[in-house]
Amino acid sequence: MKKGRIGVIIPAAGRGTRMNHYFPKQFLPLKGHPIIYYTLSVFQAHEAVAEIIVAVEEDLQAYMEENVVKRGSFDKVKEIVAGGKSRQESVYHALVKGKGWDWVIVHDAVRPFLSQSLLGKTIETVQEHEAVAVGIPLHDTLKEVAGQTTIVKTLPRDHLWMIQTPQAFSFSLIKEAHEKARREEFEGTDDASLVERMGKEVYLVRGSPLNIKITMPEDLLLAQAIMEIGDW
Ligand code: C5P
C-alpha cells in the first residue's frame, strides 16, 4: 500500500426536509446514538485515517462538538466547519481546511452502515487509481417520467449503477475539481461528477446494498433492521 495522509470529509449540513423532522436526520437517534455517531465510528476505527473534518449547519456546530464528538471521544475529528447551501459547498468548506492531506475520502453523514472492509477496499483502490466511487448495479427498471404521472420511456439499465459514498480522491485532484466547478457554477450531487467533468476516469468499487442513505422516514425502519442484524 502506498503511503500518504488520509483525511475524511463528512458532509452533515443537510436540513433533512424530506424526513418531516425539524432536526436534521443525521442527528436522529438509532439505538441510543445519533446516526452520525455510527458514521464517525467507522472512520475513527480505521488505522489508515489520520483526521476527519465534519461540516454541519452553523447553529449545530456547538451541539456537534458537545454531544457527538466529545461524548463519542472522536479524537480524529480535527474541525467542525459550517456547511454551505448545497452538499457540494459543504464539502468545499471542509476541503479548504484539509492540510497536509494526500488523499481525501468523502462520506455522507447519513450512511452509517459502511463496513471496515468496504472502507479498506476504497482506500486501497484510490491509491492505485486516484479517483474512486463506490456503487452497485441497478436491478430495478428505470424510466423517464413526465409530471410524476406519465412514463416517457424506459432507459436501458445494463450500464447504470447507483452511486454511493465513500468516494475517494487524491487531494490535489478533488481540490482542482471543486475549484473548477465553483468557477463554472456547476453543481453536482456527488464529488465524482466534478472529477468526471475534468475528463478524468473515476474507478468503481462495488458497494453494498446495506450501505443505505437515510433520507426518507421509511429508511429509519430499514436502518433499525440493519442494526438488529448487527453485521454489515
Ligand atoms: O440528501 P443529500 O444527498 O443532499 O445529502 C447527502 C449528505 O450531504 C448528507 O449527509 C447531508 O447532511 C449533507 N449535506 C450537506 N450540506 C448541504 C446538504 C446536504 O452537508 N447543504
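The residue numbering used here restarts from 1 in each chain and proceeds along that chain's sequence as written. Selection of residues for local features in this predicted model requires a pLDDT of at least 70, selection of side-chain atom pairs for listing and counting requires 80 or more, and totals for whole chains, interfaces and linings are taken over all residues. Just so you know, side-chain values use all the structure's heavy atoms and leave hydrogens and water out.

Draft legend 1. Seen up close, the packing of aromatic side chains. For this analysis, a ring pair means two rings from Phe, Tyr or Trp (six-membered ring only for Trp) whose centres lie within 6.5 Å, classed as stacked if their planes differ by under 30 degrees, edge-to-face if by over 60, and tilted for the remaining angles. With the rule as written, the count across this model stands at 5 aromatic pairs. Considering the side-chain rings of Phe27 and Tyr63, the 5.5 Å spacing of their centres and the 90° angle between planes classify their relative orientation as edge-to-face. On the criterion of sequence distance, the pair formed by Phe27 in the loop between β1 (6-12) and β2 (29-30) and Tyr63 in helix α2 (residues 61-70) is long-range, its members being 36 residues apart. The classification of residues rests on relative accessible area computed with a 1.4 Å probe and restricted to protein chains. Under 20% of the type maximum is buried, over 50% is exposed, and intermediate values are partly exposed. A residue is classified by how much of its surface remains accessible, and Tyr63, at 30% relative accessible area, is partly exposed. Aromatic side chains Trp101 and Phe171 sit 6.2 Å apart centroid to centroid with 80° between the ring planes, which places their arrangement in the edge-to-face category. In this pair, Trp101 is assigned in the loop between α3 (87-95) and β6 (103-106) and Phe171 in helix α5 (residues 171-183), connecting sequence segments 70 residues apart. Just as Trp101 is buried, Phe171 falls in that class too. Chaining the aromatic ring pairs together yields one cluster made of Tyr37, Tyr38 and Phe74. By definition here, charges over rings are those cases where NZ of Lys or CZ of Arg is within 6 Å of the ring centre and within 35 degrees of the ring normal. The lysine or arginine in question, Arg197, covers the ring of Phe186, its NZ or CZ lying 4.3 Å from the ring centre. Elements are defined by DSSP. Helices are runs of H or I of four residues or more, strands are runs of E of two residues or more, and each kind is numbered from the N terminus.

Draft legend 2. Spatial organisation of the pairing of β1. Along β1, 7 of the 7 residues are buried, which leaves the element largely enclosed by surrounding structure. Burial along β1 is two-sided: Ile6, Val8, Ile10 and Ala12 and Gly7, Ile9 and Pro11, pointing in opposite directions, are all buried. In this scheme, strands are said to pair when DSSP sees at least two bridges between them. With 4 bridges connecting them, β1 and β6 associate as parallel partners. By the bridge assignment, Ile6 is partnered in β6 with Trp103.

Draft legend 3. Seen up close, the side chain of Gln26. Looking at the element boundaries, Gln26 is found in the loop between β1 and β2. A relative accessible area of 2% places Gln26 in the buried class.

Draft legend 4. Local environment of the pattern of salt bridges. Whenever Lys or Arg places a side-chain nitrogen within 4 Å of a carboxyl oxygen from Asp or Glu, that contact is recorded as a salt bridge. Taken as a whole and judged by the stated rule, the model has 14 salt bridges. One salt bridge in this structure joins Arg87 and Asp108, with 3.0 Å as the shortest N-O distance. In this pair, Arg87 sits in helix α3 while Asp108 sits in the loop between β6 and α4 (116-129), placing the two residues 21 residues apart along the sequence. Its relative accessible area of 8% is what places Asp108 among the buried residues. Here Asp108 makes a salt bridge to Arg111, at a shortest N to O gap of 3.4 Å. There is no split in this pair, since Asp108 and Arg111 are both buried. Salt bridges sharing common partners tie together Arg87, Asp108, Arg111 and Asp191.

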